[in-house]
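Chain and residue survey
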2 protein chains.
Amino acid sequence: MDLLFTLDENYLPRLETLLTSIRLVHPEENFTVYIIHSGIPREKLQALCRDGEKEGFFIRSVKIDGNPFSGLKTTFSYPPQMYYRLLAAEFLPASLHKVLYLDPDILVINPLYRLWDTDISEYLFAAASHTLLTDLPNNINQVRLGTSNDYYNSGVLLMNLDKCREIIDKQQVFDYAEKHSKELILPDQDVMNALYGNLILPIEDAKWNYDARKYDSYMVRSNGKYTMEWVMSNTSILHFCGRDKPWKKSFRKRFKALYRHYMQLTKLYFPTEI
Amino acid sequence: MDLLFTLDENYLPRLETLLTSIRLVHPEENFTVYIIHSGIPREKLQALCRDGEKEGFFIRSVKIDGNPFSGLKTTFSYPPQMYYRLLAAEFLPASLHKVLYLDPDILVINPLYRLWDTDISEYLFAAASHTLLTDLPNNINQVRLGTSNDYYNSGVLLMNLDKCREIIDKQQVFDYAEKHSKELILPDQDVMNALYGNLILPIEDAKWNYDARKYDSYMVRSNGKYTMEWVMSNTSILHFCGRDKPWKKSFRKRFKALYRHYMQLTKLYFPTEI
């Protein structure tokens, strides 16, 4: 299975915790892990590679020096790094056809195989929307971005890289971001939805991008079906969306013990401190 | 490390979940696991051995046929199985000097090495008491059993088997149990405390036998030190004491997500259903 992350060095401890969770729910699997970044120190990457390799993760650093988009017309209201996810196909080996992008504020608590095997041959991405109880956030975003499709969360993206290379137009992405810079709230996610929302295959958020803040809303929406038992048995990707993060002391929400336990396990599976 | 369990076939799924947790927090360790029982079906034991061996658990079944205590004067108000834990040294190989007994309603969430390495050369057991906020349960039990030492929980026992063989007197155990049968609430635990409480090395319950029902009491007792962060970083043995069990749907207490997650992991590490 091929995984993609785009992050800076501050998020490396979170990545290690996420990889620990991926390791333990896929005891037989090996992974190639692409990390697109613009300056994680070499010694930290080396430590990550060393520990990762012992756990079946073959880590490939994709370092982007300077501005990879020079030559294109852009004033960059946002830093170039913001586009690494949406334009990842540009930076990954041409021989790579599919990759699973994950935000680092995630735990994987059940296997990813069924997501990985989803047929996305006709789509750019598979992604989930956090519509939850009402369709309100969806509708607001549809009006805001002038789209008719669901508003997808970009924290989990199964990427059809060939299709991305064929369809995603860098200049169009920059033009859109610049033109709408004042309206964009989550710029790259907004651009993805506005320009390519109709080429995204919807997947079930409760299984593949469960918003860990919203246990009660999931319960209501599902008429009581999505109990803690259900989540622990059926959810694969637990996403700690929002500002309040489970690695911070102030975090007081559900799943804290689980995340904290994985932080402890991380010390055993990625022992080098980075 | 050598582990001991005394259980019947109904508890095998719980044992597998406990072993899964032990496996994941000791990635480099191998274990010999002694199971004292009086009739777990052979095919279930074989499945457990097969799955266990792949995960570094060498499982040794110690089957006790009939009444191993015949020839001793006993009317057995309690079934003979009740004595397997306290008299375990009788049934284990004479070459085995130390073993860690664990109840099956436990998760191990941090390594056991420091407990295992505790010097118990002068004691029968190391064990923790669940004194918690006040010493009330302790005092009640001291009066009830006529002891002056703490009232120890027998769910986690580091056993000095040589000392047990030397000191524990079967006939005395049966005599005590029969004589006091009307006063005993948790018979084997009461007998252990009444007869051998002064030969038990106290260990810290918050680390080695954390009563999972009592998060709030631990917080109060520790003046706010034993937060969820502290527990997840420092507690090794999380004990789901009492009637309400985390594998039951009705369970509504803390650590449910964690236990349920380990139930899922169990399917990956002990795939044969037993």
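Shown above is the structure to which this text applies.
Per-chain numbering applies: the sequence of each chain, read as written, is numbered from 1 onward. Chain letters and ligand numbers both follow the written order, the letters beginning at A and the numbers at 1. The model is predicted, so local features are restricted to residues of pLDDT at least 70 and side-chain atom pairs to those at 80 or more, both for listing and for counting; the totals for chains, interfaces and linings are taken over all residues. Side-chain metrics rest on all non-hydrogen atoms present in the structure, leaving aside hydrogens and water.

**Things to note about the overall build of chain A**
Counting secondary structure elements, chain A contains 12 helices and 10 strands. C-alpha atoms define the radius of gyration in this analysis, and the globule rule sets the expected value at 2.2 Å times the number of residues to the power 0.38. Compactness check: chain A gives a C-alpha radius of gyration of 18 Å against a globular reference of 19 Å for 274 residues, within 12% of the reference. Principal axes of the C-alpha set define a box for chain A whose edges measure 50 × 45 × 35 Å. The buried label applies to any residue whose accessible area, calculated with a 1.4 Å probe on protein chains only, is under 20% of its type's maximum; exposed applies above 50%, and partly exposed to all values in between. Looking at chain A residue by residue over its 274 residues, the buried ones come to 61%. Pairs at least 24 apart in sequence give 79% of the contacts found in chain A among residues at least 6 apart. The accessible surface values rely on the Shrake-Rupley method and a 1.4 Å probe; as for residues, cover is taken only from the protein chains in view. For chain A, the computed accessible surface area is about 11,600 Å², with 48% contributed by carbon and sulfur atoms. Residues scored as charged are limited to Lys and Arg (positive) and Asp and Glu (negative), so that His and the chain ends carry no count. To locate a charge, take NZ of a lysine, CZ of an arginine, CG of an aspartate or CD of a glutamate. The distance from the centre of the 33 positive side-chain charges to the centre of the 34 negative ones in chain A is 6 Å. Secondary structure elements are taken from DSSP: a helix is a run of H or I of four residues or more, a strand is a run of E of two residues or more, and numbering for both begins at the N terminus. Note on contacts: a residue pair qualifies if any of its non-hydrogen atoms lie within 4.5 Å across the two residues.

**A closer look at the pattern of salt bridges**
Any carboxyl oxygen of Asp or Glu that lies within 4 Å of a side-chain nitrogen of Lys or Arg is treated as forming a salt bridge with it. Tallied over the entire structure, the rule returns 30 salt bridges over all chains. Between Asp211(A) and Arg213(A) there is a salt bridge; the shortest N-O distance is 2.8 Å. A relative accessible area of 0% means that Asp211(A) is categorised as buried. Look at Arg213(A) and you get partly exposed, because its relative accessible area is 39%. The closest approach of N and O atoms between Lys44(B) and Glu9(B), which form a salt bridge, is 3.1 Å. Here Lys44(B) is found in helix H2 (residues 42–54), whereas its partner Glu9(B) is found in the loop between strand S1 (2–6) and helix H1 (12–25), with 35 residues between them in sequence. A residue is classified by how much of its surface remains accessible, and Lys44(B), at 24% relative accessible area, is partly exposed. It is possible to trace a salt-bridge network through shared partners that takes in Arg85(A), Asp103(A) and Asp188(A).

**Topic: the sheet that holds strand S9 (residues 210–211) of chain B**
Residues and elements named next belong to chain B. If DSSP finds at least two bridges between two strands, the strands pair. Spatially, three strands are ordered S5-S10-S9 in an open sheet, and the strand pairing comes out mixed. Each of the sheet's edge strands pairs with one partner strand only, and the pair in question is strand S5 (106–108) and S9. Of the pairings in the sheet, the one linking S9 to strand S10 (residues 237–239) comprises two bridges and is parallel in character. When the bridges of S10 are listed, Tyr210 appears paired with Leu238.

**Observations concerning the side chain of Ser129(A)**
Residue and element names in this part refer to chain A. Along the chain, Ser129 turns up in strand S6 (residues 125–129). On the basis of relative accessibility, which here comes to 9%, the residue Ser129 falls in the buried class. At 3.4 Å, the side chain of Ser129 and the side chain of Asp150 are in polar contact. Ignoring anything within four residues of it in the chain, the contact list for Ser129 reads Asp150, Tyr151, Tyr152, Asn153 and Asp205. Polar contacts, as counted here, are pairs of nitrogen or oxygen atoms within 3.5 Å of one another; within protein the pair requires one atom able to donate a hydrogen and one able to accept it, and residues that are adjacent in sequence qualify only if both atoms are side-chain atoms.

**Some words on helix H12 (residues 256–269) of chain B**
Residues and elements named next belong to chain B. Expected helix span is taken as 1.5 Å per residue step, with the number of steps being one fewer than the number of residues. For H12, spanning 14 residues, the distance from its first C-alpha to its last is 20 Å, which sits close to the expected 20 Å at 1.5 Å a residue. The buried fraction of H12 is high, at 12 of 14 residues. Buried within H12 are the following residues: Lys256, Ala257, Leu258, Tyr259, Arg260, His261, Tyr262, Met263, Gln264, Leu265, Thr266 and Tyr269.

**Looking at the relation of the copies chain B and chain A**
To superpose the copies, least squares is applied to the C-alpha atoms of every residue with a pLDDT of at least 70 in both. With an RMSD of 0.0 Å, the fit of chain B onto chain A corresponds to turning through 180° and sliding 0.0 Å along the axis. Interpreted geometrically, this transformation is the action of a two-fold axis. For chain B, the residue whose C-alpha comes nearest the rotation axis is Leu258(B), separated from it by 2.7 Å.

**A look at the interface of chain B and chain A**
In this complex, chain B contributes 24 residues to the contact, which on the side of chain A involves 24 residues. Each of two parts loses accessible area, computed with a 1.4 Å probe, when they are put together; buried area is these two losses added. A combined buried area of about 2,100 Å² lies between chain B and chain A, and 66% of that area is made up of carbon and sulfur atoms. Counting the surface chain B buries against chain A, the share from its top three residues, Glu229(B), His261(B) and Gln264(B), is 28%. For the pair chain B and chain A, the number of links is four salt bridges. Residues Lys256(A) and Glu229(B) are paired through a salt bridge, measuring 2.6 Å at the closest nitrogen-oxygen approach. Along the contact surface separating chain B from chain A lie 10 residue pairs in polar contact (both at pLDDT 80 or more). At the level of elements, H1, helix H11 (228–234) and H12 of chain B are the ones that each hand at least two residues to the side of chain B that touches chain A. Tallied by class, the residues present in the side of chain B that touches chain A amount to 14 nonpolar, four polar and six charged. Nonpolar residues are Ala, Val, Leu, Ile, Met, Phe, Trp, Tyr, Cys and Pro. Charged residues are Asp, Glu, Lys and Arg, and all others, Gly as well, are polar.

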